[in-house]
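# Structural characterization, general
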Amino acid sequence: MTTDEPLSEKGRDLKVRCKSMAFYEVRFRLRTHEKEGPKAALLQFLDADGRPLAEEHVSGGFSEAVGRYSYLKANSQTGVGVVRFFAPTSGGRMTLRFRTWANRHPVFLGRDISVRELASWTIAAEPDNQEPVRLTTVARPLSIPVPAGAKVWLDLTLRSEADGDKIVLHAPCSMSMKGDLLTLGEASSGGESLRPFAGRGARIVFPVENTGETPVVLSLACEGTAVVDISDVAILDDATGAGKGAPNEKEPARSLAGAPRNAVSSSGIGKGERVRWATKVGNRLFLRSTIIDTRQELTRTADKVSQIERTLEESLLLVEKKVDYLLAKIDAYAEVDDRSSAALHQGLATVRQNQAELRSWQDGVDGRLASIERGNADLAGEVSAVRQQGEVIKAGQQATDARLKDLEQASRKVSEAVTANQIEFLKRQDGLDVRLASIEKSGAKLASALDASDRHVKQALKDIGGRTKKIEEMDKRLTRLAEPKKPEPAPIEPAEKGKPTVLVELLGPSGVGKSTILRAAQALRTPEQWWWGAAEIDLTIQAGDMVRPSNRDAVDNFYPPDFVSRCLETVTTSRMLPSQMVTAATQLRTTCQVATAVRTISSRHQLVHDELMLHRASTVLLYSDKFEKEAAWYFDTVPVPTAAIVLLTEAETIFQRVIRRSEQRINTYYNLDENGLRAIIERSLRLAQIAAECLRARDVTILEIDAAQEVSDTAHMVHDFISSQHAKARPSRLKSSQ
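Residues numbered from 1 in each chain as written. Predicted model: local features only at pLDDT ≥ 70, side-chain atom pairs only at ≥ 80, totals over all residues. Heavy atoms only, no water.

### Topic: the overall build of the chain
For the chain, the count of helices and strands is 13 helices and 25 strands. Out of the 738 residues belonging to the chain, those deemed buried represent 39%. Carbon and sulfur atoms provide 52% of the accessible area of the chain, an area that totals close to 41,900 Å². (Helix = DSSP H or I, 4+ residues; strand = E, 2+ residues; numbered from the N terminus. Buried < 20%, exposed > 50% of the residue type's maximum accessible area, 1.4 Å probe, protein only. Areas by Shrake-Rupley, 256 points an atom, 1.4 Å probe, with all protein chains shown as cover.)

### Description of the sheet that holds strand β23 (residues 606-609)
Pairing in this open sheet of 5 strands is parallel, and the strands run β22-β23-β21-β24-β25 from one edge to the other. A strand with exactly one partner marks an edge of an open sheet, and here the two such strands are β22 (531-532) and β25 (701-706). (Pairing = 2+ DSSP bridges.)

### Re the packing of aromatic side chains
Evaluated as defined, the whole model comprises 8 aromatic pairs. On the numbers, 5.3 Å between centres and 75 degrees between planes, the contact of Y634 with F635 is edge-to-face. Accessibility expressed as a relative area gives 0% for Y634, which makes it buried. Ring pairing ties together the aromatic residues F558, F563, W633, Y634 and F635, which thus form one cluster. Over the face of the ring belonging to F108 we find R31, whose NZ or CZ atom lies 4.4 Å from the ring centre. Here the guanidinium or amino end of R566 rests over the ring plane of W633, the centre of that ring lying 4.2 Å away. (Phe/Tyr/Trp six-rings, centres within 6.5 Å; stacked < 30°, edge-to-face > 60°. Lys NZ or Arg CZ within 6 Å of the ring centre and 35° of its normal.)

### Some remarks on helix α8 (residues 578-599)
Spanning 22 residues, α8 covers 32 Å between terminal C-alpha atoms, matching the ideal 32 Å at 1.5 Å per step. The complete set of buried residues in α8 reads Q580, A584, L588, T591, C592, Q593, V594, A595, A597 and V598. (Expected span 1.5 Å × (residues − 1).)

### Topic: the environment of P500
Mapped onto the secondary structure, P500 falls in the loop between α3 (454-479) and β21 (503-507). We classify P500 as partly exposed; its relative accessible area is 27%. C-alpha separation for the pair P500 and H605, spaced 105 residues apart in sequence, amounts to 10.0 Å.

### Details of the pattern of salt bridges
According to the stated counting rule, one finds 21 salt bridges in the structure shown. Put simply, R111 and E5 hold a salt bridge, and the shortest N to O gap is 3.6 Å. One end of the pair, R111, is in the loop between β10 (107-110) and β11 (114-118); the other, E5, is in strand β1 (residues 4-7), and 106 residues separate them in sequence. Judged by relative accessible area, which is 49%, R111 ranks as partly exposed. Taking the shortest distance from any N to any O, the salt bridge between R616 and E611 comes out at 3.2 Å. (Salt bridge = Lys/Arg side-chain N within 4 Å of Asp/Glu carboxyl O.)

### Things to note about the side chain of E630
Within the element layout of this structure, E630 appears in helix α10 (residues 627-637). Setting aside anything within four residues of it in sequence, one finds E630 in contact with R566, T570, L621 and S624. (Contact = heavy atoms within 4.5 Å.)

### A word on the nonpolar core
Counting 80 residues, the largest nonpolar core has V504, F563, M613, Y634, F635, I645 and L687 as its most contacted members. Leaving out residues up to four positions away in the same chain, L687 has contacts with A617, S618, L621, L622, F627, A631 and F635. Counting residues in hydrophobic clusters, the runner-up holds 23 residues, among them V146, L156, L158 and C222. (Core = buried A, V, L, I, M, F, W, Y, C linked by side-chain atoms within 4.5 Å.)

### Describing the pairing of β10
As judged from the 4 bridges shared by β1 and β10, these two strands associate in the antiparallel manner. Looking at β10, one finds that L7 is bridged to V107. As defined by bridge partners, strand β3 (residues 23-31) adjoins β10 across 2 bridges and the pair is classed as antiparallel. Pairing of R31 across the sheet is with F108, part of β10.

### Description of the side chain of S603
Take S603: it is sitting in the loop between α8 and β23. Judged by relative accessible area, which is 1%, S603 ranks as buried. Here the side chain of S603 touches H605 through a polar contact of 3.1 Å, landing on its backbone nitrogen. (Polar contact = N/O pair within 3.5 Å; in protein donor to acceptor, adjacent residues only side chain to side chain.)

### Some words on the confidence of the model for the chain
Of the residues in the chain, 74% reach a pLDDT of 70 or more, and the chain-wide mean stands at 76. The low-confidence segment residues 482-490 (pLDDT under 50) makes 11 contacts with residues lying over four places distant or belonging to another chain. Low pLDDT, under 50, characterises residues 727-738; the stretch is placed with 29 contacts to residues that sit more than four places away or in other chains. (pLDDT = per-residue confidence, 0-100.)

### Here's the deal with unusual backbone geometry
The backbone of N671 shows a phi angle near 60 degrees, a positive value even though the residue is not glycine. Mapped onto the elements of the fold, N671 is located in the loop between α11 (651-660) and α12 (674-697). The class for N671 is exposed, based on a relative accessible area of 56%. Look at D699: it is not a glycine, yet its phi comes out positive at around 65 degrees. Its location among the elements puts D699 in the loop between α12 and β25.

### Describing the packing of α8 against helix α9 (residues 613-621)
Running from amino to carboxyl end, α8 crosses α9 at an angle of 170 degrees, the nearest separation of the two axes being 10 Å. Considering their axes alone, α8 and α9 lie roughly antiparallel with respect to each other. Note on element contacts: α9 touches α8 through M613, R616 and T619, opposite A584, Q587, L588, T591, C592 and A595. For the contact of α8 with α9, a count of residues per class yields 5 nonpolar, 3 polar and 1 charged. (Axes fitted to C-alpha atoms, helices over the stretch in contact; angles between N-to-C directions. Parallel < 35°, antiparallel > 145°, perpendicular 65-115°, else oblique. Nonpolar A, V, L, I, M, F, W, Y, C, P; charged D, E, K, R; others polar.)

### Looking at the packing of α9 against α10
Direction vectors running N to C along α9 and α10 enclose 155 degrees, while the axes themselves pass 11 Å from each other. Classified by the angle their axes make, α9 and α10 are roughly antiparallel. Crossing handedness for the pair α9 and α10: right-handed. Between α9, through M613, L614, R616, A617 and L621, and α10, the contact on the second element is made entirely by F627, E630, A631, Y634 and F635. (Left-handed = near helix turned anticlockwise from the far one by under 90°.)

### A look at the pairing of strand β9 (residues 92-100)
Relative to β9, strand β2 (residues 12-18) runs antiparallel, the two sharing 7 bridges. Bridging from a neighbouring strand, V16 pairs with M94 of β9.

### Things to note about the state of the cysteines
According to the stated counting rule, one finds 0 disulfides in the structure shown. Lacking any disulfide linkage, C567 is separated from the closest cysteine sulfur, that of C592, by 7.5 Å. A relative accessible area of 0% places C567 in the buried class. (Disulfide = S-S within 2.5 Å.)

### Looking at helix α13 (residues 711-724)
Its 14 residues give α13 an end-to-end C-alpha distance of 20 Å, which sits within 8% of 20 Å, the value for a rise of 1.5 Å per residue. Along α13, the residues that are buried comprise T714, A715, V718, H719, F721, I722 and S723. Contact partners of the buried residues in α13: β21, α4 (514-522), β22, β23, β24 (643-648) and β25.

Set out below in structure tokens:
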């Protein structure tokens, strides 16, 4: 005997080659702990690439059939287990994977695993207890495959002759019955049904011929509320039957008592069968069918007990009459014949023996009643378990109510924060009014000083009016912080000679709040601390103050060389949809044009943008199969700014913001379900972390901000950081590293 080896969750694979719709038997040797459950190990059916098979038929044997996999259950004495299955209609290579499942103790599997093809198959009752295969309207139908162009024999044995009237045979094709021959034709959309078993007796044998070009799976099912007990179902081809006619009915090899060696249970119906229901709904339906069967069994048992009691009473009356007759006969003939006296004694002994048998029968009835009471107790326990599940559901609803209360409290806090911001805006407006009054006083003094010349006075008043208009525009920006008006194109003052232009870029996952925070920071600018935002730079370029480069200059001549080519190669070899690839290439071209134009700007104020080359990394890299490697290359090569602001927060916070948006999703979030969206957001956060590490290594000043803070606090941090970068500017920052 070969050595047993321990089995793990990773499993042990066995590769086999199968014929189309052939029937196979797998024999193995399994050793488990005596306290181990019936689901300690299972057998999975995979294709040659390791994917679960989409179609197969698994039969029980010593195992429990559950579809694409089968729990392994070995014989308690020999340790041998058997699983039989129908190969898929496509045939070819497949993988049998043995692995542990819900084990609490070590499981050992022998190395002597055998797989062999069977010529015929039989769905039979378990030979140990002779329990029949039960076909009900609750369980799924009993499936019987018939290969294309084949002729097989259907051999069905029922527990009762009347059961045949309740069975319906269904097939997804046309069917016709001529005499005893059932002919299967071409496939049809709705299929057809027949009742070929009505009035045929307890055992039914007739041929089935498939004249179509595709395999057909017949279904045996019950109609209405019927329950049919099947002792034996066999499907034999002409080579397996007795010659070319009907199978030999006297042959003991296909009977229930002496089933052939390759007889197996049905893939759909058999002892220990569990229907593949969904987890909760399946358990409830199975419990319901169990309760119905138990009630019917209790009713039948009660009827049998009543019948037995009536039989006992009648038997006792007959015995009493018999005894009286014998006693009278003994008294009449006691003196006539001594042998009659001996016969009398023998009759009394027989009566006593009958009474003892009746008492034994009565004890058996009492035991059966006790078993029924225990069954009622088990049923009560199952009902209690269902009630406990109801309590668990109720507890979950209470937890949901508590979560809703927390959300309401958070909403109140947000409302309070908005009110506080409005109060702060009103205070700033009051300050602007004071400044306006001061400016008016200065205008009055200037008017009195320039009385000598009307032209000078008018010019002074015009200048004051222009300043008042600027103050009013600044007041409007502060009061509309949440939705600021698009800035008008404004000239950018050139930098002083010898001083470089400072460029600050924002990056972070889409949905983290870059645009919102940047708009809030723009509202905090003063004439003393002024810097240009992304919208103002773009409008200035579009207005003609700056020459926007063409596609050739921006893309073909982009520095460093081959940078754009590798970005396009990364996009085209990624897992994006074709429409996403086109959009990503267009966005990359536009960003190259804007970045090239920004490099040529000379300004004494800082330039701040959230849509340049650092941000465009998310468009190029998020769907790459070599994400980490490509991200490191990108940020080691891309032209770097003077400083960068990295916005991060929890992935779930970004997910909720993206879900709440009513507008169409951006290109990187397009056509994703919830799980895919969460995965891309996690990868976006990792991309921002890689960017921060690489940019620090290239001596770029980095500010990392938790975007979960209040917008006002974050806006102050961004404004102060941008303002402080003017003195730290270095000339090489607007070009890539050499």
